[in-house]
Amino acid sequence: MIEYWSEGDPIADTAAPDGPIETRWERRKFSAKLVNPANRRKLTVIVVGTGLAGGSAAATLAEAGYRVKSYCYQDSPRRAHSIAAQGGINAAKNYRNDGDSVYRLFYDTVKGGDFRARESNVYRLASVSLNIIDQCVAQGVPFAREYGGLLDNRSFGGTQVSRTFYARGQTGQQLLLGAYQAMERQIGLGTIEMNARHEMLELIVVDGKARGIVVRDLVTGEITTEMADAVVLASGGYGNVFFLSTNAKGCNVTASWRAHRKGALFGNPCYTQIHPTCIPESGTHQSKLTLMSESLRNDGRVWVPRVAGDSRKPGDIPEEERDYYLERIYPSFGNLVPRDIASRAAKNVCDEGRGVGPGGLGVYLDFADAIQRLGRQAVEEKYGNLFEMYQRITGEDPYQVPMRIYPAVHYTMGGLWVDYDLQSTIPGLFVVGEANFSDHGANRLGASALMQGLGDGYFVLPTTLGNYLAAGPFETIEQDHEEVQRARKGVEDRISRLLQIDGDRTVDSFHRELGHIMWEYCGMERTEEGLAKAISLIRSLREEFWQRVKVPGAGEQLNQNLEKAGRVADFFELAELMCIDALHRRESCGGHFRAESQTPDGEALRHDDEFSYVAAWEYAPDGGKPTLHKERLEFEYVHPSTRSYK
Ligand SMILES: Cc1cc2nc3c(=O)[nH]c(=O)nc-3n(C[C@H](O)[C@H](O)[C@H](O)COP(=O)(O)OP(=O)(O)OC[C@H]3O[C@@H](n4cnc5c(N)ncnc54)[C@H](O)[C@@H]3O)c2cc1C
């Protein structure tokens, strides 16, 4: 086999304290240097992104007294992709008295991530989950409540307790409004300078430290350079490398990828989450896919006909001729198995010819039992907006006929490598939320992304960034500094190059083809042969892109084709690294399923002796091979075992 990478020195997370896990975060907080309030006013922090991670970080840093410059490409910070989150946010409050605890959330998350996440980070995440709910309630986030007035909970996959707080099917929107209002207050006070419709196109590194960014005003096309004492990336995930995903159309990897090219290592790029409950693709006209929240699996039952090729309407198939396969194969967790397990099971029954709907690429999610047991009104109260969304898109009424669902790309566990302080390998560059790789290992449990984004932004970053900034303010960097000018020129040259190609293929046609390659070979099932083929296909398609792409219009104006072209160019490079990462990891774990590594009954087979590490990749310029740095994972508390949900 061709060697697509080389191996470098191991890497370690030196920021995490050792000792008893319960006190690690307390001890880290105590040892972190503080910045006196009067000095905070002299320190500037750039925050790229206004989703839950960036919004909460910007608001909290500004409240603490730092000067914050905030950027997003949407027309308002409150339109960040986090607004799309439906189902809920986890917290170990144990309001249900059903056996939950910080330790159990920690345990579930380490196990759910298939023992490929750091224990220290996950324990901290579980601990701050308690504070997040209090913070959001104090902001007025209207979480669902029970009759007695307490906050209500529901269950999500991979757990046997109810710990998910929610606001109908629009939890992300309500949480984001909380963070946004906190930001707006600071914008009003002048401590946050908000720059909506601005896209970061490059990181500025001076003397080895992150000191600024190059941004393009998306309305006028003006390029500017913005300086600060530290830079925080909260730029979200890169699932759109697959073209079709549940992510908002604008989600992209550019901010992270530009930082990667400047020296920030990229962690576990191949770990992608395929969500089991999405509305199936309906044709080539589609530009995105729609999620049906995992919360629906609390009450919906997943099934397919027992016999392949059964084309009867669902209502005509009697109970005994249905296969409630998740309940059958995984009796302990039933319909609430984690996403990676549920997705693969759906693929398997469809591969057996038992899928339903057009092309046989679908399974039923049936609410008939729930409606009979709870009544239509109760079901409507919990899931009304999701049912309405489904009906609008498919034309079918899920109160009458089962929903049809199929797995789709949803979340990326990989991202920029960060230490316990959320600092990347470039000093002064911190990464929060979905953009970092930190807490979910090889598979994220449902309702844990919102928890991580808000945990990072409200509680972790303000302490750890302060520790870094305590050494500041750093030397002022002038606009004519050669690194600033070089970064700016790099951006300008790239834009001119894209505009000058003047080819005959649209950006979208390249993106769609890239997405097909990724879904086919680096999607739900991966093989050595397929990944090697994907790398070669990606390389030739990328070459073609740089010769044939057509980007109409100019740089000095609103030009969405130009925006997309830059993002797709970065997706090409990322896609290759994802395939290399997937190729090198010759084991199955979580969302990364290598067909060569499975148990006799088709479950993921890990190889802890060889692969119990984070793969942190170093960028290789000029088409060279990326370098792999391994961060060994130690498990002192939750010992690796074969994950079983049976
Ligand atoms: C449909 C859907 C439903 C979901 N439901 C849930 C759920 O119920 N529970 C849960 O826990 N998780 C859920 N998730 C996952 C969760 O919503 C995301 O992981 C999370 O919201 C990401 O937040 P973030 O702040 O990291 O990034 P985002 O919310 O994606 O924000 C990214 C920000 O970065 C900005 N940005 C990006 N690049 C640039 C650039 N180059 N220059 C300037 N700005 C830039 C964007 O403008 C935006 O403001 C869901 C995901 C999807 C797709």
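On a predicted model such as this, the values are computed, not experimentally measured, just so you know.

Peer 1: Account for the environment of alanine 370, with residues named and values stated.
Peer 2: Following the sequence through the fold, alanine 370 ends up in helix α10 (residues 368–374). When the C-alpha atoms of alanine 370 and isoleucine 274 are compared, they prove to be 26 Å apart, with 96 residues separating the residues in sequence.

Peer 1: Describe the site of the ligand, and please don't skip the residues or the numbers.
Peer 2: The ligand sits among 37 residues. The nearest are Gln74, Ser82, Gly87, Met200 and Glu434. The separation between an oxygen atom of the ligand and a polar main-chain atom of alanine 234 is 3.4 Å. When the free accessible area of the ligand is taken as 1,000 Å², the share hidden by the protein chains comes to 97%. Put simply, the parts of the chain that give the shell around the ligand at least two residues each are α3 (52–64), β7 (198–206), β16 (403–412) and α12 (449–469). Of the residues assigned to the shell around the ligand, the class counts are 17 nonpolar, 17 polar and three charged.

Peer 1: Outline the packing of aromatic side chains, supporting the account with residue identities and numerical values.
Peer 2: Enumeration over the complete set of coordinates arrives at 25 aromatic pairs. Ring centres of tryptophan 25 and tyrosine 420 lie 6.0 Å apart, and the angle between their planes is 80°; this geometry places the pair in the edge-to-face category. Within this pair, whereas tryptophan 25 is found in helix α1 (residues 24–31), its partner tyrosine 420 is found in the loop between β17 (415–416) and β18 (429–431), the two being separated by 395 residues in sequence. Across the pair, tyrosine 420 and tryptophan 25 agree in class, each one buried. Arranged with centres 6.3 Å apart and planes meeting at 15°, the rings of tyrosine 383 and phenylalanine 387 form a pair that is stacked. Here phenylalanine 387 and tyrosine 383 lie together in helix α11 (residues 376–394), a separation of four residues that amounts to about one turn. For the residue pair tyrosine 383 and phenylalanine 387, the accessibility class agrees, reading buried in each case. Taken together through their ring pairs, the aromatic side chains of Tyr238, Trp257, Phe266 and Tyr619 make up a single cluster. Cation over ring: arginine 322 sits above tryptophan 303, and NZ or CZ is 4.0 Å from the ring centre.

Peer 1: Which residues make up the packing of helix α13 (residues 482–501) against helix α16 (residues 560–584), and what are the values?
Peer 2: The contact between α13 and α16 brings their axes to 10 Å, and the two run at 105°. Regarding the angle of α13 to α16, the classification is roughly perpendicular. Of the residues in α16, those in contact with Arg494, Ile495, Leu498 and Leu499 of α13 are Leu562, Ala565, Gly566, Ala569 and Asp570. Class assignment for the residues of the contact of α13 with α16 results in six nonpolar, one polar and two charged.

Peer 1: Got a sec to walk through the sheet that holds strand β6 (residues 192–195)? Specific residues and values, please.
Peer 2: In a beta sheet, neighbouring strands are held together by backbone hydrogen bonds and run either parallel or antiparallel to one another. The strand order across the open sheet built from five strands is β6-β3-β2-β10-β18, with neighbouring strands paired in parallel fashion. In the strand order of this sheet, the two ends are held by β6 and β18, each with one partner. Pairs of neighbouring strands in the sheet enclose a mean axial angle of 20°, with direction left out of account. Of the pairings in the sheet, the one linking strand β2 (residues 44–48) to strand β3 (residues 67–71) comprises five bridges and is parallel in character. The partner of valine 47 across the bridge, within β3, is serine 70. Sheet strands in contact with helix α6 (residues 171–189) are β3 and β6, and its direction is about 110° off that of β6. With respect to the sheet, α12 is in contact with β2, β10 (230–233) and β18, its orientation differing from that of β10 by roughly 155°.

Peer 1: Pulling in residues and values, what's your account of the side chain of arginine 354?
Peer 2: By secondary structure assignment, the location of arginine 354 is in the loop between α9 (339–351) and β15 (363–366). Within polar-contact distance, the side chain of arginine 354 engages the side chain of aspartate 323 at 3.0 Å. Among residues more than four places away in sequence, those in contact with arginine 354 are Val304, Pro305, Arg306, Val307, Ala308, Asp323, Arg328 and Val349.

Peer 1: Tell me about the environment of isoleucine 213, residues and numbers included.
Peer 2: You can see isoleucine 213 is positioned in strand β8 (residues 209–217). On the basis of relative accessibility, which here comes to 0%, the residue isoleucine 213 falls in the buried class. In the structure, isoleucine 213 is positioned 11 residues away from glutamate 202 in sequence and 5.6 Å away in space, judged by C-alpha atoms. Other than its neighbours up to four places away in sequence, isoleucine 213 contacts Ile46, Val48, Tyr71, Met200, Glu202, Leu203, Ile204, Thr224, Thr225, Glu226 and Val231.

Criteria and thresholds
- Residues numbered from 1 in each chain as written.
- Predicted model: local features only at pLDDT ≥ 70, side-chain atom pairs only at ≥ 80, totals over all residues.
- Heavy atoms only, no water.
- Helix = DSSP H or I, 4+ residues; strand = E, 2+ residues; numbered from the N terminus.
- Near = heavy atom within 4 Å.
- Polar contact = N/O pair within 3.5 Å; in protein donor to acceptor, adjacent residues only side chain to side chain.
- Areas by Shrake-Rupley, 256 points an atom, 1.4 Å probe, with all protein chains shown as cover.
- Nonpolar A, V, L, I, M, F, W, Y, C, P; charged D, E, K, R; others polar.
- Phe/Tyr/Trp six-rings, centres within 6.5 Å; stacked < 30°, edge-to-face > 60°.
- Buried < 20%, exposed > 50% of the residue type's maximum accessible area, 1.4 Å probe, protein only.
- Lys NZ or Arg CZ within 6 Å of the ring centre and 35° of its normal.
- Axes fitted to C-alpha atoms, helices over the stretch in contact; angles between N-to-C directions.
- Parallel < 35°, antiparallel > 145°, perpendicular 65-115°, else oblique.
- Contact = heavy atoms within 4.5 Å.
- Pairing = 2+ DSSP bridges.

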